[in-house]
Amino acid sequence: MYNIVLFGPPGAGKGTQSEKLIAKYGLTHLSTGDLFRKHLGEGTQLGELAKKYMNEGRLVPDEVVIGMVEEKIAATEDTKGFIFDGFPRTTAQAKALDFMLEKHEMEISGMIALDVPENVLKERIKERGKTSGRVDDQDEGKINTRIKVYLDETLPVAEYYEKQGKFTKINGVGSIEGIFEDIAQVIDSY
Ligand code: AMP
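Residues numbered from 1 in each chain as written. Predicted model: local features only at pLDDT ≥ 70, side-chain atom pairs only at ≥ 80, totals over all residues. Heavy atoms only, no water.

Per an unreviewed UniProt entry, the protein chain is named Adenylate kinase, and its organism is Algoriphagus faecimaris. The record held by UniProt for the protein chain lists under Subcellular location (unreviewed entry) the comment "Cytoplasm". UniProt, in the comment section headed Sequence similarities (unreviewed entry), describes the protein chain in these words: "Belongs to the adenylate kinase family." (UniProt positions renumbered as here; feature names shortened; annotations may be inferred.)

1. Let's talk about the pairing of strand 4 (residues 110-115)
Of all six residues in strand 4, five are buried; the element is thus mostly enclosed. Pairing between strand 1 (residues 4-7) and strand 4: four bridges, direction parallel. If you follow Val-5 over to strand 4, its bridge partner there is Met-111. In this structure, strand 4 lies alongside strand 5 (residues 167-171), joined through five bridges in parallel fashion. Bridge pairing in strand 5 links Asp-115 to Asn-171. (Buried < 20%, exposed > 50% of the residue type's maximum accessible area, 1.4 Å probe, protein only. Helix = DSSP H or I, 4+ residues; strand = E, 2+ residues; numbered from the N terminus. Pairing = 2+ DSSP bridges.)

2. Side note on helix 1 (residues 14-25)
Because each turn of an α-helix spans 3.6 residues, side chains separated by three or four positions end up pointing in the same direction. When the terminal C-alpha atoms of helix 1 are compared, their 16 Å separation across 12 residues agrees well with the 16 Å that a helix rising 1.5 Å per residue should span. Along helix 1, the residues that are buried comprise Lys-14, Gln-17, Ser-18, Leu-21 and Tyr-25. Buried residues along helix 1 cover an arc of 105° about the axis, so they all sit on one side. Exposed side of helix 1, more than 90 degrees from the buried face: Glu-19 and Ala-23 are the residues found there. Turning to helix 1, the residues buried within the fold contact strand 1, strand 2 (28-31), strand 3 (82-85), strand 4 and helix 9 (176-188). Phi turns positive, to about 65°, at Gly-26, one or two residues after helix 1. (Expected span 1.5 Å × (residues − 1). Arc of directions from axis to C-beta. Contact = heavy atoms within 4.5 Å.)

3. Considerations on helix 8 (residues 156-163)
Residues of helix 8 that are buried include every one of Val-157, Ala-158, Tyr-160 and Tyr-161, and no others. Down the axis of helix 8, the sector holding all buried residues measures 155°, keeping them to one side. Turning to helix 8, the residues buried within the fold contact strand 1, helix 5 (91-103), strand 4, helix 7 (140-154) and strand 5. Just beyond helix 8, the residue with positive phi is Gly-165, at close to 70°.

4. Considerations on the site of the ligand
Taken together, 16 residues are adjacent to the ligand, and Thr-32, Arg-37, Arg-58, Gly-86 and Arg-89 come closest. A distance of 3.0 Å is found between an oxygen atom of the ligand and a side-chain nitrogen or oxygen belonging to Arg-89. Here the ligand has 480 Å² of accessible area as a free molecule, and 96% of this is covered by the chains. Listed by contribution, the elements that provide at least two residues to the shell around the ligand are helix 2 (32-42) and helix 3 (45-56). By residue number, the principal contributor to the shell around the ligand is helix 2, which donates four residues. Of the residues belonging to the shell around the ligand, the class tally is seven nonpolar, four polar and five charged. (Near = heavy atom within 4 Å. Polar contact = N/O pair within 3.5 Å; in protein donor to acceptor, adjacent residues only side chain to side chain. Areas by Shrake-Rupley, 256 points an atom, 1.4 Å probe, with all protein chains shown as cover. Nonpolar A, V, L, I, M, F, W, Y, C, P; charged D, E, K, R; others polar.)

5. Structural notes on the nonpolar core
Formed by 32 residues in total, the largest nonpolar core has its most connected members in Ile-73, Phe-84, Leu-97 and Tyr-161. For this core, the secondary structure elements donating two or more residues are strand 1, helix 2, helix 3, helix 4 (62-75), strand 3, helix 5, strand 4 and helix 8. Element by element, the count of residues in this core is highest for helix 4, at six residues. Residues in contact with Leu-97, not counting those within four places in the same chain, are Val-5, Ile-73, Phe-84, Phe-87, Pro-88, Ile-108 and Tyr-161. In this structure, Tyr-25, Leu-27, Leu-121 and Ile-147 belong to the second largest nonpolar core, which totals 21 residues. (Core = buried A, V, L, I, M, F, W, Y, C linked by side-chain atoms within 4.5 Å.)

Below, the structure is given as structure tokens:
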């Protein structure tokens, strides 16, 4: 069983690589951004709550995110493991994730961080915005806020896993296939 945290700033390629990893390893994708967008689309109470934070590019409060992830883990049966995409984004979320997994007799195998320079991120997000329909992908100010929030609040999560000897950084610039091979090599070493 592999439980992988795929880490990196917005636009790093986490979603793209997650799809390929699911196909290769049969893992369950747990993207908190996707789950929130699903709630938004369905007009649930949780979606309403998350909406203003998402539209501003800010983080949804920890207790809301953690509750949603807990529900998803509990509802998933017979999995070969999870790819956590866009979660954890704060150290409090990382601690809560360890606690949740322990309850289900699982643990994080490792964090794989995609390293992409800021100018490339901005270009990729703007390009995605042309087709994603995401309001947070189409506004320069919101893109900048998301990158700032990543640097201020999310980057410390890498240190959390580094201290546990579970951190690997991968160059996230290059061909999708080449980056995927680098990630697969790390997973195969777990
Ligand atoms: P993403 O698709 O991962 O870029 O997430 C889109 C937006 O959803 C973020 O900008 C946040 O507003 C919210 N979000 C997603 N995941 C989290 C998380 N783990 N913690 C807090 N907010 C989140």
